[in-house]
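Observations on the three-dimensional arrangement
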Amino acid sequence: MSGWVARPGRWVVWAIVVFFFVNLAGVVLSVVVDSFGRQWFGTWLPDGFTTHWYADAWREFGLSDVLLTTAIVALVVIAVSVAVGVPAAYALARRSFPGKRLVMLLFVLPILIPPITYGIPLATVLYKFHLAGTTTGVILANLVPSVPFVVLTMTPFIEQIDPKIEAAARMSGARTVSVFTRILGPLLLPGILAASILVLVRTVGMFELTFLTAGPDSTTLVVALYNSVFAAGIRANQSVDAMATIYTASMLVLLLVALRFVNPTQLVTRIREET
Amino acid sequence: MTAVASARPALRHRLAERGIDRTLLLLVPGLLVTACLFLYPFLYGLQLSFAPRQGGIFANYARFFGDPYLRDTIWTTLGIALPATFINVLASIPIAYVMRVRVRGKRLLTTILVVPITLGTVLTAQGLIMYGGPAGWLNKVLTVLGITDEPLPLIHNYTGVLLSLVITGFPFSFLLTLSYLSGIDPSLEKAAATLGANGVQRFRRITLPLLAPGLAITFCLSFVMAFSVFPSAQLVGDPANETRVISIAAYHAAFEEYDYSMGSAVAMLMAVVMLIVIGLVMAWRGTLYRGATGGKG
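Residues numbered from 1 in each chain as written. Chains lettered and ligands numbered in written order. Predicted model: local features only at pLDDT ≥ 70, side-chain atom pairs only at ≥ 80, totals over all residues.

Some thoughts on the overall build of chain A
In terms of helices and strands, chain A carries 13 helices and zero strands. Here the analysis covers contacts within chain A between residues at least 6 apart in sequence; of these, 74% occur between residues at least 24 apart. (Helix = DSSP H or I, 4+ residues; strand = E, 2+ residues; numbered from the N terminus. Contact = placed C-beta atoms within 7 Å.)

Okay, structure coming up:
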């Protein structure tokens, strides 16, 4: 403990961290408390608690449809990006070929460039093909960052699997199909699981792309939340907050599941491998 | 006949030696998706931006730079994004430096820090409006403590957007900085300590130079995130004046005026400004030490 006294810098650092967390908790709790409050005008706490805003929000914002859309979009995006991304990651991990850097650049760019920048031209193209405003359009838009994300997370994962294992299986007479299903499949499963969860978190939280491409019947939860804030004129703020709480709760559940499988820094980015 | 038969395996063999074989076909679906959904729209947008509704090919760009209401969005955006990025990166360094060794509660801390990233900008904005508003908890505490007499104007202005960018951006840059710092071999610092360097010297002469390239990347990624601020500028900012950022201008042109050509032009300008800033940072990074950091990173 004497180390603590000797280093005042640490106290400053911890004070900043605590200050950040207190305010973060305040931001999140304000929304949660308000969503349960009967009325809240200028006092420390609402003057009574109720859950009827949740029923209101569910009805007003058509949350069952919104949640269904969110689930469909997220699941299809995961399925497609794993199906497309994992083979590509395998090729990148196992082969070095001319133009590999270019291919890597093509996969890094959609992650580096913020969604709103390429989202506007992308939405324009989707409008041209009459796909904007449909669930298909939302799925296509969300694939743009998800496929490269799976490729970039899976490539280092596959690199650390010893190619000799595959070679040994082939020596023992396994065909290509059984090498993939019996040998690589089980070895890749933890990586695929982690990548899927990360894609799930990112897709459910992806505001910009979904916002730019969704129509009235294809909004996901986060876009519905944004729209409800703007349409809040006649609605009670509490039902907006109830929806926000539902969103927070589902994100937190996803997050806790994700953290069982992956390192927190992976949630941020895997750009490090390429730089 | 025999010549063909002997030439074909040889060609396949030669290609295989350079790493080109059937395995590369596995790349095709991924490349196709990225090319169709990313590259094509981007190039289409670029082409569209030079095909304005009226006027010559540069009419959109001329309009953007001629109209102060549009032109100034660049400065507004930089005025929000640069301070936010500097706050996030500079605050990350000391905290990550303390956390780089095994500290009690490190895992819990990194876990809680991931929360704002997943909450996303929409919820953060909504929360800030409640928490930082005139009747919110923050202003109540400040009033009770006697720090302020009147509620501080924290939302629906520049401060609100800056706060929301710090809340969502700080954990991101912290986790990146932490992962770069843990990639530096701790024995380098121990060696410096053995040679008599004190804590400040070790940080300034050993850790910081090794960390700087990583910081440049962290800065770029944080900046890109802050620069594309959209929901928070709309929700917790003052989207008509003080926080009319460039993404709002692009959205407004494309989806409220239905001028896709103009919208694409603004989006392209957004990418250009971003690339200029990243280019400057990377040029600075090029002047730094770029060797091994001695560790796993």
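Thoughts on the overall build of chain B
What chain B contains, in helices and strands, is twelve helices and zero strands. Going residue by residue from the N terminus, the α and β elements of chain B occur as α-α-α-α-α-α-α-α-α-α-α-α. A principal-axis box enclosing the C-alpha atoms of chain B has dimensions of 95 × 70 × 35 Å. For chain B, the proportion of its 297 residues judged to be buried stands at 44%. (Buried ≥ 20, exposed ≤ 12 C-beta atoms within 10 Å, placed from the backbone.)

Quick look at the environment of Leu-252 of chain A
As for its position among the elements, Leu-252 of chain A is in helix α12 (residues 237-261). On the basis of neighbour counts, which here come to 14 C-beta atoms within 10 Å, the residue Leu-252 of chain A falls in the partly exposed class.

Re the interface of chain A and chain B
For interface size, the figure often reported is the accessible area lost on association. On the chain B side, the residues contacting the 69 residues of chain A number 74 residues. Ranked by residues supplied to the side of chain A that touches chain B, first place goes to helix α2 (residues 8-36) of chain A with 13 residues. Residues belonging to the side of chain A that touches chain B are distributed by class as follows: 51 nonpolar, twelve polar and six charged. (Nonpolar A, V, L, I, M, F, W, Y, C, P; charged D, E, K, R; others polar.)

Some thoughts on unusual backbone geometry
The phi dihedral of His-130 of chain A is positive, around 55°, even though this residue is not glycine. Judged by the 10 C-beta atoms lying within 10 Å of it, His-130 of chain A falls in the exposed class. Positive phi, normally seen in glycine, also occurs at His-156 of chain B, with a value near 55°. Along the polypeptide, His-156 of chain B turns up in the loop between α6 (137-144) and α7 (158-182). With 18 C-beta atoms counted inside 10 Å, the residue His-156 of chain B sits in the partly exposed group.

Let's talk about the nonpolar core
Counting 156 residues, the largest nonpolar core has Val-150 and Leu-225 of chain A together with Val-229, Ala-250 and Val-266 of chain B as its most contacted members. For Val-266 of chain B, the contacting residues outside a window of four places in its chain are Phe-64, Ile-246, Ala-249, Ala-250 and Ala-253 of chain B. (Core = buried A, V, L, I, M, F, W, Y, C linked by C-beta atoms within 7 Å.)

A closer look at the confidence of the model for chain B
Residues and elements named next belong to chain B. When pLDDT is averaged along chain B, the result is 83, and 93% of the positions lie at 70 or above. Element-level mean pLDDT values for chain B span from 65 in helix α1 (residues 2-17) up to 92 in helix α2 (residues 27-49). Confidence drops under a pLDDT of 50 for residues 1-5, and excluding neighbours within four residues, the segment shows zero contacts in the predicted structure. The ipTM assigned to the predicted complex is 0.81, against a pTM of 0.83. (pLDDT = per-residue confidence, 0-100.)

Looking at helix α4 (residues 63-94) of chain A
Working note: α-helix, 3.6 residues per turn, so residues spaced by three or four point in the same direction. Between its terminal C-alpha atoms α4 of chain A stretches 45 Å, which fits the 46 Å expected from 32 residues at 1.5 Å a residue. The largest bend in α4 of chain A amounts to roughly 25° and is located at Val-82 of chain A. (Expected span 1.5 Å × (residues − 1). Bend = angle between axes of the 7 residues up to and from the residue.)

Quick notes on the packing of helix α9 (residues 176-205) of chain A against α12 of chain A
All names here are of chain A. Two elements in contact, α9 and α12, have axes separated by 9 Å at closest approach and are oriented at 160°. The orientation of α9 relative to α12 falls into the category roughly antiparallel. With respect to the hand of their crossing, α9 and α12 are arranged in left-handed fashion. On α12, the residues that touch Leu-193, Ala-194, Ile-197, Leu-198, Leu-200, Val-201, Val-204 and Gly-205 of α9 are Met-251, Leu-254, Leu-255, Val-257, Ala-258 and Phe-261. Broken down by class, the residue content of the contact of α9 with α12 amounts to 13 nonpolar, one polar and no charged. (Axes fitted to C-alpha atoms, helices over the stretch in contact; angles between N-to-C directions. Parallel < 35°, antiparallel > 145°, perpendicular 65-115°, else oblique. Left-handed = near helix turned anticlockwise from the far one by under 90°.)

Describing the environment of Ala-244 of chain A
One can find Ala-244 of chain A in helix α12. Residue class for Ala-244 of chain A comes out buried when judged on the 28 C-beta atoms lying within 10 Å of it. Residues Ala-244 of chain A and Ser-228 of chain A, spaced 16 residues apart in sequence, show a C-alpha to C-alpha distance of 9.7 Å. When residues no more than four places from it in sequence are discounted, the contact partners of Ala-244 of chain A are Val-31 and Leu-225 of chain A together with Leu-123 and Gln-126 of chain B.

Digging into the packing of helix α8 (residues 163-171) of chain A against α9 of chain A
Residue and element names in this part refer to chain A. One way to put it is that α8 packs onto α9 with a least axis distance of 10 Å and a crossing angle of 135°. With respect to α9, the element α8 is oriented oblique. Considering how the two elements wind past one another, α8 and α9 form a crossing that is right-handed. Contact residues: Ile-165, Glu-166, Ala-169 and Arg-170 in α8; Val-179, Ile-183 and Leu-184 in α9. In the contact of α8 with α9, the residues fall into five nonpolar, no polar and two charged.

Description of helix α4 (residues 68-99) of chain B
Helix length check: α4 of chain B (32 residues) gives 46 Å between terminal C-alpha atoms against 46 Å at 1.5 Å per residue, within 8%. Its axis deflected by about 30° at Ile-93 of chain B, α4 of chain B carries its strongest bend there, up to four residues before the proline Pro-94 of chain B.

With respect to the confidence of the model for chain A
Residues and elements named next belong to chain A. For chain A, per-residue confidence averages 83 on the pLDDT scale, and 90% of positions sit at 70 or higher. When mean pLDDT is compared element by element in chain A, α4 scores highest at 92, while helix α1 (residues 2-6) scores lowest at 50. The low-confidence segment residues 269-275 (pLDDT under 50) makes 13 contacts with residues lying over four places distant or belonging to another chain.

Let's talk about the environment of Arg-38 of chain A
Within the secondary structure layout, Arg-38 of chain A lies in the loop between α2 and α3 (52-60). When sequence neighbours within four positions are dropped, the list of residues in contact with Arg-38 of chain A reads Pro-46, Asp-47, Gly-48, Phe-49 and Thr-50 of chain A.

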